[in-house]
Amino acid sequence: MNTVTISQLTKRYPSHTALSGINVSLEAGETVALLGHNGAGKSTLIKLILGVIQAERGTIEFRDRQGRLCGRNSPLNIGYLPENLSLYERMTGLKVLSFFADLKGVSTDEVQQTLHDCNLHDVQHQLVGSYSKGMKQRLGLAQAILGNPDLLLLDEPTVGLDSHSTEYMYQTLNSLKRIGCTILVCTHELPLIQNHADRYLILGQGNLLAFGDLEALQQATNLPTRIQLPSNAELPNSLPEEFFVDNDQICCDFSMRAELIKFITTQCQVFDFVVSDPNLSQVLSCYLSKSKRIEGR
Ligand SMILES: Nc1ncnc2c1ncn2[C@@H]1O[C@H](COP(=O)(O)OP(=O)(O)O)[C@@H](O)[C@H]1O
Ligand SMILES: [Mg+2]
């Protein structure tokens, strides 16, 4: 079931087309990473989903986690953490969250539970001005997740956070995902998001360059897979032409990895090797440099 179905979405500014004919769907309970250079159209897409700006063309359809179609009279419950959320520094964490809770019609019990979930319960009576960057960002997340949204939109949620705060944030997001929340996260932190995202939506100059899981993107870009053999392993004198040696590693196009593994185990009788597939950062660079239009899964 799709929480968000985007069809032919086009947004033009007077001197610029920010998004051109985008078609994507976000499934209930998945985490999608929104990737692309600055100016690619990521924030524009988030603002269109939020409804704070309007598209020239195309539609966005929403369904809640029960599968009900949402509309003007029963809008989807969306949580949003903007890139630079400014919070009232002279209020306590509790006051700030209670303010957002009033706007959303959320009970005080739920405010306490959310403070707990975001590890802010013990500091709720301290002024936000005294909070660390990690604590402020957790308060930002707390206002976004108040009221158990069906869709969570996060713009660079972990920028400037230490690894402990970052890990905590993703633990919180993963537990929301397990109860059916759909998450769209815009980020430049690729090694981190590779551990957490189910699919990747790559924009380039307003165009959809790719949308799929990592394996689909690896297949589409077909970058090399590298295999490191143990130092005592002996390579045959000649390799089939689809394999090559680079930096003491045997390599092949991603599409040939199964054949390469078979070759190493059957022809070389080597079984303790390390396979390195192209990572998200390499795949993304490939898309952005070639601006290839390939659609995954
Ligand atoms: N309000 C606006 N008026 C005119 N152009 C805009 C406006 N907002 C964004 N743009 C332009 O649209 C393009 C996409 O911007 P944006 O969605 O903010 O990109 P990203 O978030 O990927 O960095 C950029 O070229 C940007 O300059
Ligand atoms: Mg942006």
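Along each chain, the written sequence defines residue order, and numbers are assigned to residues from 1. Here the convention is simple: chains get letters from A, ligands get numbers from 1, in the order in which they are written. Only residues with pLDDT of 70 or above have their local features reported here, since the model is predicted, and side-chain atom pairs are shown and tallied only from 80 upward, although totals for entire chains, interfaces and linings are computed over all residues. Each side-chain value is worked out from all heavy atoms of the structure, with water and hydrogens disregarded.

Undergrad: Describe the domain arrangement of the protein chain, naming the residues involved and giving the relevant values.
TA: Domains are outlined according to an automatic or database domain assignment. If you check the domain split of the protein chain, you get domain 1 (2-216) and domain 2 (224-277). Distance from the C-alpha centre of domain 1 to the C-alpha centre of domain 2: 41 Å.

Undergrad: Requested: an account of the UniProt feature "domain: ABC transporter" (unreviewed entry) in the protein chain, with residues and values cited.
TA: UniProt positions are given in the numbering used here, feature names are shortened, and annotations may be inferred rather than shown by experiment. Per the UniProt entry, the sites bearing "domain: ABC transporter" (unreviewed entry) are residues 4-230 in this numbering. Regarding residues 4-230, the helix share stands at 32% and the strand share at 28%, and the terminal C-alpha atoms are separated by 47 Å. A run of H or I in DSSP counts as a helix once it spans at least four residues, and a run of E counts as a strand once it spans at least two, with each numbered from the N terminus.

Undergrad: Pulling in residues and values, what's your account of the packing of helix H4 (residues 133-145) against helix H5 (residues 163-178)?
TA: Fitted lines through C-alpha atoms give the axes, limited to the stretch in contact for helices. The angle between two N-to-C directions lies from 0 to 180 degrees. Two elements in contact, H4 and H5, have axes whose closest approach is 10 Å; the angle formed by their N-to-C orientations is 10°. Classified by the interaxial angle, the pair formed by H4 and H5 is roughly parallel. Considering how the two elements wind past one another, H4 and H5 form a crossing that is right-handed. Together, Gly 134, Gln 137, Arg 138, Leu 141 and Ile 145 of H4 and Ser 165, Tyr 168, Met 169, Thr 172, Leu 173 and Leu 176 of H5 make up the contact between the two elements. The residue makeup of the contact of H4 with H5, split by class, is six nonpolar, four polar and one charged. Note that the term roughly parallel is reserved for angles under 35 degrees, roughly antiparallel for angles over 145, roughly perpendicular for angles of 65 to 115, and oblique for everything else. Handedness of a helix crossing follows the sense of rotation of the near helix relative to the far helix, less than a right angle counterclockwise being left-handed and clockwise being right-handed. Two residues qualify as a contact provided that any one of their heavy atoms is within 4.5 Å of a heavy atom in the partner residue. Three classes are used, and their members are as follows: Ala, Val, Leu, Ile, Met, Phe, Trp, Tyr, Cys and Pro are nonpolar, Asp, Glu, Lys and Arg are charged, and the others, Gly among them, are polar.

Undergrad: If you had to explain helix H8 (residues 257-266) to someone new, which residues and values would you point to?
TA: Turning to H8, its buried residues number three or more, namely Leu 260, Phe 263, Ile 264 and Thr 265. Among the structural elements, strand S10 (224-228), strand S11 (243-246) and strand S12 (249-253) are those in contact with the buried residues of H8. Each residue's exposure class comes from its accessible area (1.4 Å probe, protein chains only) as a fraction of the maximum for that residue type: buried when under 20%, exposed when over 50%, partly exposed otherwise.

Undergrad: Before we move on, can you summarise the site of ligand 1 with the specific residues and values?
TA: For each residue, the test is whether any non-hydrogen atom lies within 4 Å of the molecule or strand; if one does, the residue is near. The full set of residues close to ligand 1 is Tyr 13, His 16, Ala 18, His 37, Asn 38, Gly 39, Ala 40, Gly 41, Lys 42, Ser 43 and Thr 44. A 3.5 Å cut-off defines polar contacts: any pair of N or O atoms within that distance qualifies, except that in protein one atom must be a possible hydrogen donor and the other a possible acceptor, and neighbouring residues in sequence count only when both atoms are side-chain atoms. One of the side-chain nitrogen or oxygen atoms of His 16 is found 3.1 Å away from an oxygen atom of ligand 1. Within the contact set of ligand 1, an oxygen atom lies 2.6 Å away from a side-chain nitrogen or oxygen of Thr 44. Methods summary: accessible areas were calculated by the Shrake-Rupley approach with a probe of 1.4 Å, and residue burial reflects only the protein chains presented. Here ligand 1 has 560 Å² of accessible area as a free molecule, and 62% of this is covered by the chains. Breaking the shell around ligand 1 down by element, the ones donating at least two residues are strand S2 (16-27) and helix H1 (42-50). Its residues assigned to classes, the shell around ligand 1 shows three nonpolar, seven polar and one charged.

Undergrad: Describe the sheet that holds S12, naming the residues involved and giving the relevant values.
TA: A pair of strands is labelled paired if DSSP reports no fewer than 2 bridges between them. In space, the four strands of this open sheet follow the order S11-S12-S10-S13, with antiparallel pairing throughout. Every interior strand has two partners, whereas the edge strands, S11 and strand S13 (274-276), have only one. Each adjacent strand pair in this sheet contributes to an overall mean axis angle of 30°, direction not counted. Across four bridges, the pairing between S10 and S12 is antiparallel. Counterpart to Ile 227 in the pairing with S12 is Ile 250. Packing against the sheet, H8 makes contact with S10, S11, S12 and S13, and its axis sits at approximately 145° to S12.

Undergrad: Explain the pairing of S10 residue by residue, including any values.
TA: Residues of S10 alternate between two faces, with Thr 225 and Ile 227 buried on one and Pro 224, Arg 226 and Gln 228 left unburied on the opposite face. Bridge count for S10 against S13 is three bridges, and the pairing is antiparallel. Its bridge partner lying in S13, Gln 228 is registered against Val 274.

Undergrad: Give a detailed account of the packing of aromatic side chains, specifying residues and quantitative values.
TA: Pairing of aromatic rings covers Phe, Tyr and the six-membered ring of Trp, with a centre-to-centre limit of 6.5 Å; geometry is then stacked below 30 degrees between planes, edge-to-face above 60, and tilted otherwise. Scanning the model with the defined rule gives three aromatic pairs in all. A centroid spacing of 5.5 Å and a plane angle of 70° characterise the contact between Phe 99 and Phe 100, whose relative ring orientation is edge-to-face. Considering the side-chain rings of Phe 243 and Phe 263, the 5.4 Å spacing of their centres and the 50° angle between planes classify their relative orientation as tilted. With Phe 243 in strand S11 and Phe 263 in helix H8, this pair connects stretches of sequence that are 20 residues apart. Phe 243 sits in the buried class, given a relative accessible area of 6%. By way of ring pairs, the aromatic residues Tyr 88, Phe 99 and Phe 100 are connected into one cluster.

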